[in-house]
Amino acid sequence: VIKEYQGLSLSGAPLITRVSSVSEALGEIRRRKYDLVITMPFLRGINAFEIGCEIKKINPALPVILIAHNLQAVQRPQKKEYLRGIDNIFLWTSGAELLVALVKNVEDHINVSADTAKAMVRVIIYVEDSPADRSFFLPLIYKEVVSQTQAVLNESLNEKHRLLRMRARPKVLLATSYEEALSLYETYKPFVFCILSDARFCREGQIDPEAGLKLLSYARGQIPDLPLLLLSRESENREKAALVPAVFVDKLSNSIKDELHAFFLEHLGFGDFVFRTPDGFEIGRAGTIGDFERMLRLIPDESLLYHAGRNHFSTWIMARAEVAMARRLHKEAVNNVSNVSEVRQDLIDKIHSLRRMRQKGVVVKFSPQRYDPRVVDFVKIGEGPLGGKARGLAFMWARLQNEHAADSLLIDTLVTIPKTCVISANGFETFVAENRLAFSGEMSDEEIEARFLRAHLPDWLVQDLKIFLAKCQFPLSVRSSSLLEDGLYKPFAGLYRTYFLPNNSPDPMRRLGELESAIKLIYASTWFAGPQAFARSAGGNRSDVMAIVIQQVVGQNYGGFWYPAISGVAQSHNYYPIFDMKAEEGIAHIALGLGKTVVEGEKSLRFSPSYPDKLIQFSSVEDVLAHGQRQFYALDVSENSEFVRRNSNLVLRSVEDATREYPIQALSSTYIASEDRIRDGFMPGIHIMTFAPILKYDIFPMARILTELLEFGKEGMGCEVEIEFAIDLGEDPEEAAFYLLQMRPMVTGSESSDVQIEDDEIDEALCYSQKSLGHGRFSDFHDIIFVRPDAFDPGKTVEIAGEISVLNRKLEKESRRYILIGPGRWGSADRWLGIPVQWRDISAVGVMVEIRNKILQAEPSQGSHFFQNITSLGIPYLTITEKNGARQSSTTAMEKRKDSIHWHRLEQSGIMENMKFITHIRSEKPFTVKCNGRKSESIIQSAG
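In short, a report on the structure.

Reading guide: rules and limits
Residues numbered from 1 in each chain as written. Predicted model: local features only at pLDDT ≥ 70, side-chain atom pairs only at ≥ 80, totals over all residues. Heavy atoms only, no water. Core = buried A, V, L, I, M, F, W, Y, C linked by side-chain atoms within 4.5 Å. Buried < 20%, exposed > 50% of the residue type's maximum accessible area, 1.4 Å probe, protein only. Contact = heavy atoms within 4.5 Å. Pairing = 2+ DSSP bridges. Helix = DSSP H or I, 4+ residues; strand = E, 2+ residues; numbered from the N terminus. Axes fitted to C-alpha atoms, helices over the stretch in contact; angles between N-to-C directions. Parallel < 35°, antiparallel > 145°, perpendicular 65-115°, else oblique. Left-handed = near helix turned anticlockwise from the far one by under 90°. Nonpolar A, V, L, I, M, F, W, Y, C, P; charged D, E, K, R; others polar. Salt bridge = Lys/Arg side-chain N within 4 Å of Asp/Glu carboxyl O. Phe/Tyr/Trp six-rings, centres within 6.5 Å; stacked < 30°, edge-to-face > 60°. Lys NZ or Arg CZ within 6 Å of the ring centre and 35° of its normal. Expected span 1.5 Å × (residues − 1). Disulfide = S-S within 2.5 Å.

Topic: the nonpolar core
No. 1: If you look at the biggest cluster of nonpolar residues, it comprises 62 residues, and the most contacted ones within it are Ile566, Met702 and Phe725.
No. 2: In this structure, isoleucine 566 is in contact with Ile590, Ala591, Gly593, Leu667, Phe691, Ile694, Met702, Phe725, Ala726 and Ile727, ignoring residues within four places of it in sequence.
No. 3: Counting residues in hydrophobic clusters, the runner-up holds 42 residues, among them Phe366, Val462, Ile522 and Phe528.

Okay, here's the thing in structure tokens:
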């Protein structure tokens, strides 16, 4: 937060006290004066609205803001008096800028009366009733306000008569209704700088689709030249805004940030610090403190003394909230230096020390001269955000340095992160800007890739990467870390490419070229159809900004193949607990080799960290043979390996072909055909990855580490979490290490409303599932797409995915959401386990139904990226096991609570179109989906 304040040149950062219980919070508020309270939806089981009421009993004027990870987690209380406990609701968007904006907004509301009266500070009124939209736009507005203020102040430094007038930034006042906005306008009318308003919000107690237009029209009638901006998702409001007149910005625009920036530039001004000679001749400009330091080295003596003697330097730095430094640059301090050379060097030293101070943080700034991967774990190249993936990793890495309980495994076991380098988001923005990579119209992923590969990375980035590679001789993974990815609002899990590089060529330019290509390809994936489709499904159409994570690949070299002994994904919440397992005990999926096996939903081993020896999928010899991992991914690091764009040098190897390698010998079990049994340990026979030495005999405390880390992450982030990890097992157990690769939030908490499914409803339903994901009642589906059982061919799943994609595009254009039903695991990378659809193929889907039958019986893959994105979008996901693998057309009284699907009822619901493998049905009356998340059961009811 401090870094964000400095980067935005805001006033001093707030002192933040974090507590972990309601009693601690109330105690703090009784003991000390606080200006703001921020809480999560639940704190150890207590609703945020109740917490807010308890706080306001102590201090009724203390603002209490609720930050939720998703609106589903916000449970509004039934008692209306509890609503007064929360002043405002925001959605966490995975960035410090939201917290900064909340703090500044509370400050602005507190200070605006005094600041307008004493300094004629201007006021920006922003009207928005959507928690999601104000959480996105409010930080943007503050950044633009600060940039605009800096620009005007910088210009004013050389225009003496405007200096005092423009020294304070405008205050931003947030309103959520017409009456509130109008009251702010009337109160501060002489100081109103501009109004930014949503189109649709509450007016006179009702939602008015033209409330924003009415507000702007009223203001225009009183102040003809007042800048006005209308924000709306409804394109027809563009013409209405023009009549006001007001600038219109479409909330769904890909260039929303640029359009908002353009509004500030065109209507609110911009400028730099202008270096001049005493006669007023301009000799240079500086927009940043870095430019400022550089120019101090170049300007002539007379210019330096001219500005120093008039306090221009001190005032310019003061505007960036560096009060102590501004005092040190005051003309009285400068005048104490004996000659011009000393004045110049003193100024440069002070500014340089300021820059160094601002760069301090947990993540080390990359230095070509000082970088040493032997002692530095996490470095950052460039300025700007780290992106969601890198931020989550940095957060957990920092927490690992904290003190732990005496019995913590994190004390005696090596739990760490791989060597990590992050290219910040400004590398992406510079790359796009310098190469003019603006897109119009539809382009295929292949065309986008080709265009990005022809472009050139910024020179500064290439130079830093060259030094980085010279000091890193280990294999590398190159992964995305977009600003949307792994955020608490929408995780965007696995939608962007990951590349693996051997990084072992004796030719340094070849190694650099391969790394550059991988970075460009990940940048290109920002515009691919899959991420764009997911963004639309998530309720927006905003272009992403990409940072890059470059990591050491965990593992060792086994005869030219590099891989870890174990890779996996663990979740703190188990969506499908069975037997005596509990949802809050979590679930984990592990596999031999690189994690592609797990995250793409291929065969992996599933277990609860609380019961590592209870392997439900291995309950019989037949189950072990059918579901045990027999193949794994490794990175080709042989001398002749080359960077391959599509499979990224990964090789799919057979377990049997690697039996001489230590991980297989250490972690596999053996099938003895003559005995028809599985024996733990490596011996002659067929080898299957059961991980028995770890799960049953605890030679490495993986399960206990996962339990502790999941609780650790959950406590730190205030929500359910998912982590990706890898384990490197040396032949000496003391050398074993657990590597945390990634952490992201899980979207849960919508199971509060009451949804009951009655027996008679099951009798009449199209289908019923006892293993489902999601909660609530949904009645907006008129379309169902299903794979016909009599047409299904497991060898044609790719073709089936293609047919679904064709229908999906039609329904998306018609703004129709639909129910999708088919066999096997949806979104699986293994075409033999299910239908390998990608997000662009199902972007309009609203409910998914997975059929398990005698042909496809894959277990739900909770660890896959596909599954993670389903949960983040709140898409109900039903798993139905057909009895004896056959169609069920009826159920007896004894079977009412067993899975069922009535294919003949589907076929009688109104066929729109039959394709080779799938059928599209449509009904004038909607189908109803009821999901009981507490019991994991769901039904789809017939239309009408």
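Okay, back to it.
Some details on the sheet that holds strand β32 (residues 721-728)
No. 1: Strands sit in the order β17-β33-β32-β24-β25-β26 across an open sheet of six strands; the sheet is mixed. Two strands bound the open sheet, and with one partner strand each, they are β17 (415-416) and β26 (605-607).
No. 2: Summarising the sheet, strand β24 (residues 566-571) and strand β25 (residues 587-591) pair through five bridges and their orientation is antiparallel. The residue of β25 that forms the bridge with glycine 568 is isoleucine 590.
No. 3: Against the sheet, helix α16 (residues 388-400) makes contact with β17 and β33 (737-745), and its axis sits at roughly 130° relative to β33, the strand it touches most.

Some details on the packing of helix α6 (residues 178-187) against helix α7 (residues 211-222)
No. 1: One way to put it is that α6 packs onto α7 with a least axis distance of 10 Å and a crossing angle of 15°. Judged on the interaxial angle alone, α7 and α6 are roughly parallel. Considering how the two elements wind past one another, α6 and α7 form a crossing that is right-handed. Contact with α6, carried on its side by Tyr178, Ala181, Leu182, Tyr185 and Glu186, involves Ala211, Lys214, Leu215, Tyr218, Ala219 and Gln222 of α7 and no other residues of that element.
No. 2: Split into classes, the residues belonging to the contact of α6 with α7 amount to eight nonpolar, one polar and two charged.

Brief notes about the pattern of salt bridges
No. 1: Inspection of the entire model under this criterion finds 39 salt bridges.
No. 2: With a shortest N-O distance of 3.0 Å, lysine 56 and aspartate 87 are connected by a salt bridge. Of this pair, lysine 56 sits in helix α3 (residues 48-58) while aspartate 87 sits in the loop between β4 (64-68) and β5 (88-91), and the two are 31 residues apart along the sequence.
No. 3: Overall, the relative accessible area of 15% leaves lysine 56 in the buried class.
No. 4: Connected via shared salt-bridge partners are Glu128, Asp133, Asp198, Arg233 and Lys251.

Points about the packing of aromatic side chains
No. 1: For the coordinates displayed, the defined rule picks out 13 aromatic pairs.
No. 2: Between phenylalanine 725 and phenylalanine 738, the ring centres sit 5.2 Å apart and the planes meet at 15°, which makes this aromatic pair stacked. Of this pair, phenylalanine 725 sits in strand β32 while phenylalanine 738 sits in strand β33, and the two are 13 residues apart along the sequence. The residues phenylalanine 725 and phenylalanine 738 share a single accessibility class, namely buried.
No. 3: Three or more aromatic residues joined by ring pairs make a cluster, and in this case those are Phe428, Phe431, Phe452 and Tyr523.
No. 4: Seen from the ring of phenylalanine 90, arginine 134 lies directly overhead, with NZ or CZ sitting 5.4 Å from the centre.

Considerations on the pairing of strand β13 (residues 273-276)
The side chains of a regular strand alternate between the sheet's two faces.
No. 1: The sheet contact formed by β13 and strand β14 (residues 282-286) spans four bridges and is antiparallel. Bridge pairing in β14 places phenylalanine 275 opposite glycine 284.
No. 2: Hairpin connection from β13 to β14: five residues lie between these consecutive antiparallel strands, with glycine 280 at a positive phi of about 95°.

Here we look at α7
No. 1: Between its first and last C-alpha, α7 extends 17 Å over twelve residues, near the 16 Å set by a 1.5 Å rise per residue.
No. 2: Those residues of α7 that fall on the buried side of the exposure criterion are Ala211, Gly212, Leu213, Leu215, Leu216, Ala219 and Arg220.

Section: the state of the cysteines
No. 1: In total, this model carries zero disulfides according to the counting rule given.
No. 2: Residue cysteine 767 stays outside any disulfide, its sulfur separated by 9.8 Å from that of cysteine 931, the closest cysteine.
No. 3: With a relative accessible area of 1%, cysteine 767 lands in the buried category.

A few points about the sheet that holds strand β6 (residues 123-127)
No. 1: What the five strands build is an open sheet, ordered β7-β6-β8-β11-β12; its pairing is parallel. Looking along the sheet, the strands with just one partner apiece sit at the ends: β7 (171-175) and β12 (247-250). Between one strand axis and the next, the sheet turns by 20° as a mean value, whatever way the strands run.
No. 2: One ladder, built from five bridges, connects β6 with strand β8 (residues 192-198); its direction is parallel. When the bridges of β8 are listed, isoleucine 125 appears paired with isoleucine 195.
No. 3: Against the sheet, α6 contacts β6, β7 and β8, and its axis sits at roughly 150° relative to β7.

A short note on helix α29 (residues 797-813)
No. 1: Between its terminal C-alpha atoms α29 stretches 25 Å, which fits the 24 Å expected from 17 residues at 1.5 Å a residue.
No. 2: Residues of α29 that are buried: Thr797, Ile800, Ala801, Glu803, Ile804, Ser805, Leu807, Asn808 and Leu811.
No. 3: Taken together, the buried residues of α29 touch β36 (776-787), β37 (818-823), β38 (845-852), β41 (911-914) and β42 (918-932).
No. 4: Serine 815 occupies a position one or two residues after α29 and carries a positive phi of about 55°.

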